[in-house]
Amino acid sequence: MNIGDVAAKSGVPSKTIRYYEDIGLVKPARSANGYRAFRDSDVHKLTFLGRARALGFSIEDCRALLGLYEDESRASAEVKAIAQHQIEQIDRKIADLRRMRDTLAELVSRCAGDDRPDCPILESLGPGGKV
C-alpha cells in the first residue's frame, strides 16, 4: 500500500505519517525502488496513533501506549496510569481556559462598547496592563 492509501484508510494525513516514520513510530517496509510499502499492521498502528492524538496524548505517551498495545504481557495498570495522567493534563487545561474566560468576561463587562476610544480590554493588553 502506498502512503496515500494508508492515509485514506487510517485518517492520518500523509505529512503526519512521514513525521511518524521520521521519529520511529511506524516503520514501513521499502520496495526495491525505495518507495514505502505499508502493510495492514501499519494502518492499524496509524489508526491507533490518530485516535490517541485526538485524545490529546503526547507523542511520547503515544509511543508508550503503542508499545503497551503491542505487548501482550502488558499490565493494564501501566495503560491506566498514562490515561490518568492525561486526564490530569486535560483538567489543568480546562482550569486554565476557565481562568482565561473569566478574565476576558470581566474585561468585556467593563468595556462600554460604544463610540468612545477608551477601552479596558485594550488597556489591559497594553504596556503596564494587567491580564
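Residues numbered from 1 in each chain as written. Predicted model: local features only at pLDDT ≥ 70, side-chain atom pairs only at ≥ 80, totals over all residues. Heavy atoms only, no water.

## Structural notes on the overall build of the chain
The number of helices and strands found in the chain is six helices and two strands. The secondary structure elements of the chain, listed N-terminal to C-terminal, are α-α-β-β-α-α-α-α. Expected size for 131 residues packed as a compact globule is a radius of gyration near 14 Å; at 23 Å, the chain overshoots this value by more than 25%. Each principal axis of the C-alpha atoms in the chain carries an extent, and together these give about 70 × 40 × 25 Å. (Helix = DSSP H or I, 4+ residues; strand = E, 2+ residues; numbered from the N terminus. Rg over C-alpha atoms; globule rule 2.2 N^0.38 Å.)

## Focus on the packing of helix 1 (residues 3–10) against helix 3 (residues 40–54)
Where helix 1 meets helix 3, the closest approach of the two axes is 9 Å, and the angle between their N-to-C directions is 50 degrees. Compared by their axis directions, helix 1 and helix 3 come out oblique. Two packed elements cross with a definite hand, and for helix 1 against helix 3 that hand is right-handed. Taken together, the residues of helix 3 that come into contact with helix 1 (itself represented by Val6, Lys9 and Ser10) are Val43, Leu46 and Thr47. Of the residues contributing to the contact of helix 1 with helix 3, the split by class is three nonpolar, two polar and one charged. (Axes fitted to C-alpha atoms, helices over the stretch in contact; angles between N-to-C directions. Parallel < 35°, antiparallel > 145°, perpendicular 65-115°, else oblique. Left-handed = near helix turned anticlockwise from the far one by under 90°. Contact = heavy atoms within 4.5 Å. Nonpolar A, V, L, I, M, F, W, Y, C, P; charged D, E, K, R; others polar.)

## Brief notes about the pattern of salt bridges
Overall, the coordinates contain seven salt bridges when judged by the stated rule. For the salt bridge of Lys45 with Glu70, the shortest nitrogen-to-oxygen distance reads 3.1 Å. Of this pair, Lys45 sits in helix 3 while Glu70 sits in helix 4 (residues 59–70), and the two are 25 residues apart along the sequence. Here Asp114 makes a salt bridge to Arg116, at a shortest N to O gap of 2.9 Å. By relative accessible area, Asp114 is classed as partly exposed at 40%. (Salt bridge = Lys/Arg side-chain N within 4 Å of Asp/Glu carboxyl O. Buried < 20%, exposed > 50% of the residue type's maximum accessible area, 1.4 Å probe, protein only.)

Note that all results are geometric; they support no functional claim without further evidence.
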